[in-house]
Amino acid sequence: MDELKEWLGQRSEEQVNMLQQLVQVPSDNPPGNGVAHALCATALLEQMGFEVEQHRVPVEICRQHGLQQVMNLVVRHRFGPGPTVVLNAHGDAVPPGGGWCKDPYGGEIEQGWLYGRGAAVSKSDFVTYAYALKALIEIKALNTGCVELHFTYDEETGGFTGPAWLLSEGITQPDYAICAAFSYHAVSDNKCNW
């Protein structure tokens, strides 16, 4: 555990920089077009050495759910035999509305706080999950199971073109899932039916 904390601590500036870049790309839902954000996230994840699968949802399905375009991202790393654990985060956020004292897409840091739309929920989870997986790989902390990162763009409208679509298309078949929220719970029912 100490090795994991040390590895992550040495990269805290990188993590903040990644979050700033993610916050600076709007992904408002509505109108529900997170493709530019998904492309930015793909580039950042590939810079970390991950292979990123891009899964575009057909436009007619997007429209059925009131969205313009959705491209979900999946990163997989198999450590060995065993269950698959999914860490799901969403890149869409409700529009910022009024009352902001900072640019909602600025990613500005003041007194240790990063300001921006989606910074807390759930763009920060993109960073947390990516760096946690990278740390587990680098320090060789696991030798069983598979970890998948799912970055989706429809949480604000129900998850039908994100997690539900990934499951219905057979793109993923997790044994457990941890989803973005203010309280983290693992979900299991043998085959997740989010």
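Small disclaimer: the values here were computed from a predicted structure and weren't measured. (Residues numbered from 1 in each chain as written. Predicted model: local features only at pLDDT ≥ 70, side-chain atom pairs only at ≥ 80, totals over all residues. Heavy atoms only, no water.)

## Side note on the nonpolar core
Okay, so step 1: Ranked by size, the top nonpolar core spans 43 residues in total, and within it Met 18, Leu 22, Leu 45, Phe 50, Leu 149 and Phe 151 carry the most contacts.
Okay, so step 2: When residues in this core are grouped by element, the largest group, eight residues, is from helix H5 (residues 119-138). (Core = buried A, V, L, I, M, F, W, Y, C linked by side-chain atoms within 4.5 Å. Buried < 20%, exposed > 50% of the residue type's maximum accessible area, 1.4 Å probe, protein only. Helix = DSSP H or I, 4+ residues; strand = E, 2+ residues; numbered from the N terminus.)

## A closer look at unusual backbone geometry
Okay, so step 1: Here the residue pair Asn 29 and Pro 30 is connected by a cis peptide bond, since its omega of 10° sits within 30 degrees of zero.
Okay, so step 2: The topology assignment puts Pro 30 in the loop between helix H2 (12-23) and helix H3 (35-47).
Okay, so step 3: Between Pro 30 and Pro 31 the backbone carries a cis peptide bond, its omega angle lying at 15°.
Okay, so step 4: If you check the backbone angles, Gln 111 has positive phi at about 50° while not being a glycine.
Okay, so step 5: With respect to the helices, strands and loops of the structure, Gln 111 is situated in the loop between strand E4 (108-110) and strand E5 (113-115).
Okay, so step 6: Gln 111 gets classed as exposed once you look at its relative accessible area, which sits at 77%.

## With respect to the packing of H2 against H3
Okay, so step 1: At a minimum axis separation of 9 Å, H2 and H3 run at an interaxial angle of 160°. Considering their axes alone, H2 and H3 lie roughly antiparallel with respect to each other. Judged by the twist between their axes, the crossing of H2 over H3 is right-handed. Facing Met 18, Gln 21 and Leu 22 of H2, the residues of H3 in contact are His 37, Cys 40, Ala 41, Leu 44 and Leu 45. (Axes fitted to C-alpha atoms, helices over the stretch in contact; angles between N-to-C directions. Parallel < 35°, antiparallel > 145°, perpendicular 65-115°, else oblique. Left-handed = near helix turned anticlockwise from the far one by under 90°. Contact = heavy atoms within 4.5 Å.)

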